[in-house]
Amino acid sequence: GKVAVGAAVVCSAAVCAAAALVVRHRMRCSGRWVRAMAILREFEENCGTHIGTVIRKSPRQEENGLFYALDLGGTNFRVIRVLLGGRDGGVVKQEFEEVSIPPHLMTGSSDALFDYIATALANFVATEGEGLHPSPGKQRELGFTFSFPVRQTSISSGNLIKWTKGFSIDDTVGEDVVGELTKAMERVGLDMRVSALVNDTIGTLAGGRYYNPDVIAAVILGTGTNAAYVERAQAIPKWHGLLPKSGEMVINMEWGNFRSSHLPLTEYDQDLDVESLNPGEQIFEKIISGMYLGEIVRRVLLKMAEEAAFFGDTVPPKLKIPFILRTPHMSAMHHDESSDLRVVGSKLKDILEISHTSLKMRKAIVELCDIVATRGARLSAAGIVGIIKKLGRDAVKDGEKQKSVIAMDGGLYEHYSKFSSCMESTLKELLGEEVSDNIVIKLSNDGSGIGAALLAASHSQYL
Ligand code: ADP
Ligand code: MG
């Protein structure tokens, strides 16, 4: 009897302590993000690492033939083949394959990483089917989506500024990533020319506009996060080159690197940052994106275990392993609709080897997932509102119904529905019903890769 009572007391005390932690955390997370809105304007001035990507020609419905794309964004990369029909034919056919990157290659040598990528690409090229070969005498052409900060030097070259999202390969930094890929393709005997280098935001934006001229911006919510939008060239103080004929330019915001004292950072975020491969960098990304949300939850749970004996007298050893709890696990727990929260129970058991959790504990964990996801989703919405405000599309003028479409790509947005619905309701809340009726978030699955193939086509050597 005594033992059971004792255990119950410990347990409810732990839940109370945990709840207190959670509430404290929530207090820190709410309120302040609203102020963060005010400084989102800083994005435009501080975050454009490659303002004015040299896209001379947007893809149009006229390009035709076979084009490849390679999309390197985070943990996976995709190889893509598209057949363009020419003159309003659009994309006639698209095929892709997804390949995961072995973790040791993310922190190894540049040659090893690019050899691996080039080999996967060569294997994919070898599967070209009937009617999917390049015209005789023509070299295959590729759009390379490389979603890390790059100082772009031409449409088909750019030097890596730094790695993010868990990559850390010193000998690539400062190098032309197209050169690195081209050398690797030569080493594996693949004859292909890189005609366009873009990142996922630019690819998604170009791909989105190909289908729909109302697309004004692209946002990525995947392993990492970033955004790009179309700006009137004369509104870009950093740009000193010739103004493009269209009067428009694409700004890659690199918003993942946004930071501000107004961001609602907690001790968990600070510790995560300090222990990361890129301390002090990508602060916005570290509180929003798929690579980190599960890890934040793990850190709060660890604190609850250590300081409030949330899981009993001993701290579950697995809980101490960084990145063991991934965002898809967190999302599965968060979406658990069963009355006894059995998904939460089984995730705790399978991933963290924690058995025997009470319903109360499971509920606290779901609440924690909700807090962490809500903060990320609301901040993402604030970022989008920042773009809409910058473009002056945050007011309905004379009852005009001008649509603003945001092309969205990324596994976090696509698969974490509580995240995406919270993001969308926050947009409504911030912009008001009338304005938000004209804002459309459009999931552009694989948009970043298709967009790169389209840009390769519009910058083909054979045009
Ligand atoms: P990348 O950003 O590397 O191009 P994706 O757009 O495919 O990759 O997004 C992958 C990321 O999406 C994963 O790192 C993960 O964080 C997140 N993700 C994937 N599936 C889910 C899921 N079911 N729930 C929540 N997040 C998910
Ligand atoms: Mg991607």
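Everything below is about the structure shown above.
(A) Representation of the site of ligand 1 within the structure. In the vicinity of ligand 1 lie 16 residues, with Arg-78, Thr-223, Gly-290, Ser-331 and Gly-411 positioned nearest. Residue Ser-331 places a side-chain N or O atom 3.0 Å away from a nitrogen atom belonging to ligand 1. In this structure, Gly-411 approaches ligand 1 through a main-chain N or O atom, which is 2.9 Å from an oxygen atom. Relative to its unbound accessible surface of 580 Å², ligand 1 loses 82% to contact with the protein. Among the elements of the structure, α10 (327-334) and α13 (411-415) are those that each provide at least two residues to the shell around ligand 1. Of the residues that constitute the shell around ligand 1, the class distribution is four nonpolar, eleven polar and one charged.

(B) Structural detail: the sheet that holds strand β12 (residues 439-443). Overall, mixed pairing links the five strands, which are arranged β10-β9-β8-β11-β12 in an open sheet. If you trace the sheet from one side to the other, it starts and ends with β10 (248-252) and β12, each paired once. For this sheet, the mean angle separating the axes of adjacent strands, direction not counted, is 20 degrees. Of the pairings in the sheet, the one linking strand β8 (residues 215-221) to strand β9 (residues 225-232) comprises five bridges and is antiparallel in character.

(C) Summary view of unusual backbone geometry. One non-glycine residue, Phe-323, lies in positive phi territory at about 65 degrees. With respect to the secondary-structure elements, Phe-323 resides in the loop between α9 (293-308) and α10. What makes Phe-323 partly exposed here is its relative accessible area of 28%. Non-glycine residue His-356 carries a positive phi angle of around 55 degrees. For His-356, the position within the fold is in the loop between α11 (342-352) and α12 (359-390).

(D) A look at the environment of Ser-460. Among the structural elements, Ser-460 can be located in the segment after α16 (447-458). Ser-460 gets classed as buried once you look at its relative accessible area, which sits at 11%. Here the alpha-carbon distance between Ser-460 and Thr-223, two residues 237 residues apart in the chain, equals 30 Å. When residues no more than four places from it in sequence are discounted, the contact partners of Ser-460 are Phe-67 and Glu-141.

(E) Local environment of the side chain of Ser-436. Mapped onto the elements, Ser-436 comes out in helix α15 (residues 433-436). A polar atom in the side chain of Ser-436 sits 2.8 Å from the backbone oxygen of Gly-432. If we ignore the near neighbours within four places in the chain, the residues touching Ser-436 are Leu-427, Lys-428 and Leu-431.

(F) View of the packing of aromatic side chains. As enumerated under the stated definition, the model contains 14 aromatic pairs in all. Ring centres of Trp-163 and Phe-167 lie 5.2 Å apart, and the angle between their planes is 15 degrees; this geometry places the pair in the stacked category. For the pair Trp-163 and Phe-167, a shared accessibility class is recorded, and that class is buried. Every member of this aromatic cluster is reached through a ring pair, and the members are Phe-144, Phe-146, Phe-148, Trp-163 and Phe-167. When the ring centre of Phe-124 is taken as origin, the NZ or CZ atom of Arg-81, which lies over that ring, is 4.2 Å away. Stacked on the ring of Phe-148, the Lys or Arg Lys-165 has its end atom at 4.6 Å from the ring centre.

Cut-offs and rules
Residues numbered from 1 in each chain as written. Chains lettered and ligands numbered in written order. Predicted model: local features only at pLDDT ≥ 70, side-chain atom pairs only at ≥ 80, totals over all residues. Heavy atoms only, no water. Near = heavy atom within 4 Å. Polar contact = N/O pair within 3.5 Å; in protein donor to acceptor, adjacent residues only side chain to side chain. Areas by Shrake-Rupley, 256 points an atom, 1.4 Å probe, with all protein chains shown as cover. Helix = DSSP H or I, 4+ residues; strand = E, 2+ residues; numbered from the N terminus. Nonpolar A, V, L, I, M, F, W, Y, C, P; charged D, E, K, R; others polar. Pairing = 2+ DSSP bridges. Axes fitted to C-alpha atoms, helices over the stretch in contact; angles between N-to-C directions. Buried < 20%, exposed > 50% of the residue type's maximum accessible area, 1.4 Å probe, protein only. Contact = heavy atoms within 4.5 Å. Phe/Tyr/Trp six-rings, centres within 6.5 Å; stacked < 30°, edge-to-face > 60°. Lys NZ or Arg CZ within 6 Å of the ring centre and 35° of its normal.

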